[in-house]
Amino acid sequence: MAGKYMASSSLPNPRGGSSRSPIVLLTFSLLSLSVLFFLFSVLPSHPNPNPSSNLNTIRPESNFVASLEHFLTSQSLGSRPIRDDTVGSDDPEAVKKFDDLLWQREIRRVYEDAYYPAATSAIRVYVYEMPAKFTYDLLWLFRNTYKETSNHTSNGSPVHRLIEQHSIDYWLWADLIAPESERLLKNVVRVHRQEEADLFYIPFFTTISFFLLEREQWKPLYREALKWVTDQPAWKRSEGRDHILPIHHPWSFKTVRKSMKNAIWLLPDMDSTGNWYKPGQVSLEKDLILPYVPNVDLCDAKCFSESESKRKTLLFFRGRLKRNAGGKIRAKLMAELSGVVGVVIAEGTAGEGGKEAAQRGMRKSIFCLNPAGDTPSSARLFDAIVSGCIPVIVSDELELPFEGILDYRKIVLFVSSTDAIQPGWLLTFLKSISHAQIKEMQRNLAKYSKHFVYSSPAQPLGPEDLVWRMMAGKLINIKLHTRRSQRVVKESRRLCMCDCKSANFTGP
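Scope of this entry: the structure provided in the associated data block. Values in this document were obtained by computation on a predicted structure and should not be read as measured data. (Residues numbered from 1 in each chain as written. Predicted model: local features only at pLDDT ≥ 70, side-chain atom pairs only at ≥ 80, totals over all residues. Heavy atoms only, no water.)

1. Points about the state of the cysteines
Per the stated rule, a full pass over the model turns up two disulfides. Two residues share a disulfide in this structure: Cys 368 and Cys 389, whose sulfurs sit 2.2 Å from each other. With the S-S dihedral at roughly 110°, the linkage between Cys 368 and Cys 389 falls on the right-handed side. Residue Cys 368 is located in strand S9 (residues 365–371), and its partner Cys 389 is located in the loop between helix H14 (380–387) and strand S10 (390–394); the two are separated by 21 residues in the primary sequence. There is no split in this pair, since Cys 368 and Cys 389 are both buried. (Disulfide = S-S within 2.5 Å. Helix = DSSP H or I, 4+ residues; strand = E, 2+ residues; numbered from the N terminus. Buried < 20%, exposed > 50% of the residue type's maximum accessible area, 1.4 Å probe, protein only.)

Pasting the structure below:
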């Protein structure tokens, strides 16, 4: 039988000899040693305890279209979130239950962490799982239509390029929802239980919906998004004070955003003229200024070195020469500077040809003029910074991103509108800047440029990183105003009567 044969074959040879010759055994041993040697030579000697450290060797993608393509493809191949935070019914007890859970967590941290509520650890962010019509569907809409460059706004700007400039909502969201093993930022973590959150992120693409949908489509979509968010127990508990709302284009969400004025708005500027935001809607205390996404490519260390000897133009400007509101100063500046030797003034838009022309011009110039546009800010400022061209800002009401961290005096020249339009004043001022000061500012630009380049994966010291550093400084006030709003009685003053919104003036 087979079993008996196998058993008997394992017994010693009755003649006392070996069943295998010495030559066979020696050959087998040598082969085994060869295999082991090969395996040890190709495998790492030490396993990597931190797989995410491999991300440091991955080249970050800063092109919006390329990053979006990869993001949507990976989401399609993987599993989309099944969970949906839509509130099914209005439960009066839901807010109280949520508040109790949050209080238990907070009081525990008070007793266990001597520095709480100061942000000594990563900010905990809950990212709402909104229906796809507010998120993925809009990203796919952009992806499927971005080649239609004939689509322009009323003032002639290519729509899709404009959306790219304001795509901060994509860069932040893509980083937040990425697996932790694929993230580099350690000052913010995504939590999956609402009671564990410090802040709540609303992933609604307001700019894409405004520019790519018809009016009869985006208006009801805005109302749906408003109801969806304000139905959340977490929103009702704080009246939105701990919710982050990305509305980086001044037109986006404009018809309903007054109902969300307590939320933390992510903005391009404050526009204190009242043309875009109503009085009381925005403030530096509550909201956060984020840089535009640059239109031009980053001038890296090699580029800085190669372009140094090519910067022969004293002052460069390329953009729309006619603007409304504070941008009317452009016409006055153009009249003053046109035809002057060493100054290049050109009309242009943000299209592909405009991008190449602007990039060439900025990399050949020492100073880049940044006057106000329809709003106090423009993407041109950040194009100049990443191009190594010293910005000359003529915008008296401008607020700048991350100014609690960055000192813009090291990289920017600030000029009041009154001085700038005086005959001959601006050129005299620029020519008075010493060669040593120019070199120092250019070196600082090379260091600062990383703070304005969005990328995937998001990089330490990049704009996504600085967003959360700035948010950390807001947490205590958010908790203060939330708790205060919960206990005030009918006769109490609803607003703190403190002077915390002083006007911003560039001049002395």
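2. A closer look at the nonpolar core
Core analysis: the biggest nonpolar cluster contains 124 residues, and Phe 71, Leu 199, Phe 204, Phe 367, Leu 369, Trp 468 and Met 471 have the highest contact counts within it. Considering every element that reaches this core, the biggest residue donor is helix H7 (residues 168–177), with eight residues. Residues contacting Met 471, with those up to four places away along its chain left out, are Ile 123, Leu 199, Ile 244, Ile 264, Leu 266 and Leu 288. With five residues, the next largest nonpolar core counts Met 362, Cys 368, Ala 384 and Cys 389 among its residues. (Core = buried A, V, L, I, M, F, W, Y, C linked by side-chain atoms within 4.5 Å. Contact = heavy atoms within 4.5 Å.)

3. Structural notes on the environment of Phe 204
The topology assignment puts Phe 204 in the loop between strand S3 (199–201) and helix H8 (206–212). Here Phe 204 falls in the buried class, since its relative accessible area comes to 1%. Phe 204 sits 68 residues away from Tyr 136 along the chain, and the two C-alpha atoms are 9.5 Å apart. The residues touching Phe 204, leaving out its near neighbours within four places in the chain, are Met 130, Phe 134, Leu 138, Asp 169, Ser 209, Leu 221, Tyr 222, Ala 225, Pro 246 and Phe 253.

4. Comments concerning the packing of H7 against helix H18 (residues 463–472)
At a minimum axis separation of 10 Å, H7 and H18 run at an interaxial angle of 80°. By the angle between their axes, H7 is roughly perpendicular relative to H18. Along its contact with H7, which presents Trp 171, Leu 172 and Leu 176, the element H18 presents Glu 464, Val 467 and Trp 468. For the contact of H7 with H18, a count of residues per class yields five nonpolar, no polar and one charged. (Axes fitted to C-alpha atoms, helices over the stretch in contact; angles between N-to-C directions. Parallel < 35°, antiparallel > 145°, perpendicular 65-115°, else oblique. Nonpolar A, V, L, I, M, F, W, Y, C, P; charged D, E, K, R; others polar.)

5. Quick look at the pairing of strand S5 (residues 264–267)
Walk down a regular strand and you will see the side chains alternate between the two sheet faces. Residues Ile 264 and Leu 266 of S5 are buried on one face, and the alternating residues Trp 265 and Leu 267, pointing to the opposite face, are buried as well. Pairing analysis gives three bridges linking strand S4 (residues 243–246) to S5, with the strands arranged parallel. Its bridge partner being in S5, Pro 246 is matched across the sheet by Leu 266. In the sheet, S5 pairs with strand S6 (residues 288–289) via two bridges, with the strands oriented parallel. Residue Leu 267 lies in a different strand from S6, and its bridge partner there is Ile 289. (Pairing = 2+ DSSP bridges.)

6. Thoughts on the pattern of salt bridges
In the structure shown here, the tally under the stated rule is 22 salt bridges. With a closest N to O distance of 3.0 Å, Glu 69 and Arg 143 form a salt bridge. One end of the pair, Glu 69, is in helix H3 (residues 64–77); the other, Arg 143, is in helix H5 (residues 136–145), and 74 residues separate them in sequence. On the basis of relative accessibility, which here comes to 30%, the residue Arg 143 falls in the partly exposed class. Here Arg 241 and Glu 239 are joined by a salt bridge, their closest N and O atoms 2.9 Å apart. For Glu 239, a relative accessible area of 31% puts it in the partly exposed group. Look at the salt bridges and you will find they share partners, linking Asp 99, Glu 106, Arg 237, Asp 242, Lys 479 and Arg 483 into a network. (Salt bridge = Lys/Arg side-chain N within 4 Å of Asp/Glu carboxyl O.)

7. Regarding the sheet that holds strand S8 (residues 343–347)
Strands sit in the order S8-S7-S9-S10-S11 across an open sheet of five strands; the sheet is parallel. On the outer flanks of this sheet lie S8 and strand S11 (413–414), each paired with one strand and no other. Sheet topology note: the strand S7 (residues 313–319)/S8 ladder contains five bridges and is parallel. From the neighbouring strand, Gly 319 faces S8, where its bridge partner is Glu 347.

8. Quick word on the side chain of Asp 465
Mapped onto the secondary structure, Asp 465 falls in helix H18. Owing to a relative accessible area of 3%, Asp 465 belongs among the buried residues under this scheme. Among residues more than four places away in sequence, those in contact with Asp 465 are Leu 185, Asn 187, Gln 459 and Pro 460.

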